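# Structural overview for review
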Amino acid sequence: MNTHSEAHPSVLHELNAISKRLDKLLAQLRDEENADTDLRGVVRDLHAAVALEPNVALACVFLNQIAGTYAVRHCIETAIVVTMVAGAMRKPLKEMQSLTAAALTMNVGMLREHDSFQRKPGALEPHEMAIVHRHPERSAELLKSAGVTDEEWISCVLMHHENADGSGYPGGKTCDEVTQNARLLNLADRYCARVSSRNYRSSLLPDAALKKLTGDCSHDADPALSDYFHQVLGPFPPGCLVQLENGETGVVAHRDPASGMLEIHCLRDPAGNKVEVAMQRLSGQPGCAIHCALSEDDADLRFSMKQVWGALAAL
């Protein structure tokens, strides 16, 4: 793990370094025959970054702080969520590594098109949808030709767009045919896509994204997975911009998965005035329960992650 400072490692710095490495690895994958080792190195570094401070890793997702193209950034964001949910489920390390690797490489089969599709203002054309529907198979083929032999990794990539009711692709498989790990990746992929803005739609607020994700029975029929997503993320995860019942506005800094207690750093008082030093609140204090999540425009807050999380979030 290449920390920018031995004394003060930064999760944000590590994730940005991972983004650069992954971008290069995925771009060159077609010419590789033994990419497994390098990709597993990225997995280990991502696990280390998340372990350093999970709250900061999640905040990087919701505050859109990971550098790079959308195609690569989305894979890293999905990998962060997958890593945290799989950890809460106490999955074996080998399984977690395969899952994280699948998240990082799930879209390599349409890497060249992903950003242009994301920027497109309207619906995709039929030939573009065909590329989307083929990308799980194409991604799996590229990984195999690049030397990846891990069956769990490959199967998760191949099935990460299959739905419980058989409406997914590429195989139209139903819930009984899709592994739990592939369903976990499916949920994380869709959740991260919904909390990211695109040209043709605004992002969903985290509470709305979680509700929509876990309430859609056509996609997943595993209530245990939904429970773990609620446990790890909750409706107001770290990095979520919020307004409290007392009218203060700030950002969720920490979440205790066991108690659900939130620490909020408020940067505007009830009158809407900016404060010089963030007011630290706990969601259990009188008047400090969260009234609602806010979009970036509605919150009108400008701050660096380092202001809230210190050296762990330094660039």
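In case you missed it, the structure is sitting above this.
Read on for an overview of the structure. Everything numeric in this text was worked out from a predicted model, so none of it was measured.

Each value, and the rule that gives it
- Residues numbered from 1 in each chain as written.
- Predicted model: local features only at pLDDT ≥ 70, side-chain atom pairs only at ≥ 80, totals over all residues.
- Heavy atoms only, no water.
- Axes fitted to C-alpha atoms, helices over the stretch in contact; angles between N-to-C directions.
- Helix = DSSP H or I, 4+ residues; strand = E, 2+ residues; numbered from the N terminus.
- Parallel < 35°, antiparallel > 145°, perpendicular 65-115°, else oblique.
- Left-handed = near helix turned anticlockwise from the far one by under 90°.
- Contact = heavy atoms within 4.5 Å.
- Nonpolar A, V, L, I, M, F, W, Y, C, P; charged D, E, K, R; others polar.
- Core = buried A, V, L, I, M, F, W, Y, C linked by side-chain atoms within 4.5 Å.
- Buried < 20%, exposed > 50% of the residue type's maximum accessible area, 1.4 Å probe, protein only.
- Phe/Tyr/Trp six-rings, centres within 6.5 Å; stacked < 30°, edge-to-face > 60°.

## Section: the packing of helix H5 (residues 93-105) against helix H8 (residues 151-159)
- Where H5 contacts H8, the axes come no closer than 8 Å and their chain directions differ by 40°. Accordingly, the angle class assigned to the pair H5 and H8 is oblique. Crossing handedness for the pair H5 and H8: right-handed. Note on element contacts: H8 touches H5 through Glu 152, Trp 153, Cys 156 and Val 157, opposite Ser 98, Leu 99, Ala 101, Ala 102 and Thr 105.
- Here the residues of the contact of H5 with H8 are counted per class, giving 6 nonpolar, 2 polar and 1 charged.

## Notes on the nonpolar core
- In terms of nonpolar packing, the biggest core is built from 79 residues, with Leu 15, Ile 76, Ile 80, Tyr 191, Phe 229, Met 305 and Trp 309 touching the most fellow members.
- If you tally residues by element for this core, the top one is helix H4 (residues 70-88), at 11 residues.
- Sequence-distant contacts of Leu 15, that is, excluding residues within four places in its chain, are made with Ala 49, Ala 57, Cys 60, Ile 66, Ile 76 and Ile 80.
- Judged by nonpolar contacts, the second largest core, of 12 residues, contains Leu 244, Val 252, Ile 264 and Ile 290.

## Side note on the packing of aromatic side chains
- The tally for this structure, following the rule as stated, stands at 1 aromatic pair.
- Residues Phe 62 and Tyr 191 carry aromatic rings whose centres are separated by 6.1 Å and whose planes lie at 80° to one another, so their mutual orientation is edge-to-face. Of this pair, Phe 62 sits in helix H3 (residues 54-62) while Tyr 191 is found in helix H9 (residues 180-194), placing the two residues 129 residues apart along the sequence.
- With relative accessibility at 15%, the residue Phe 62 sits in the buried group.

Function cannot be inferred from these measures alone, as they are strictly geometric.
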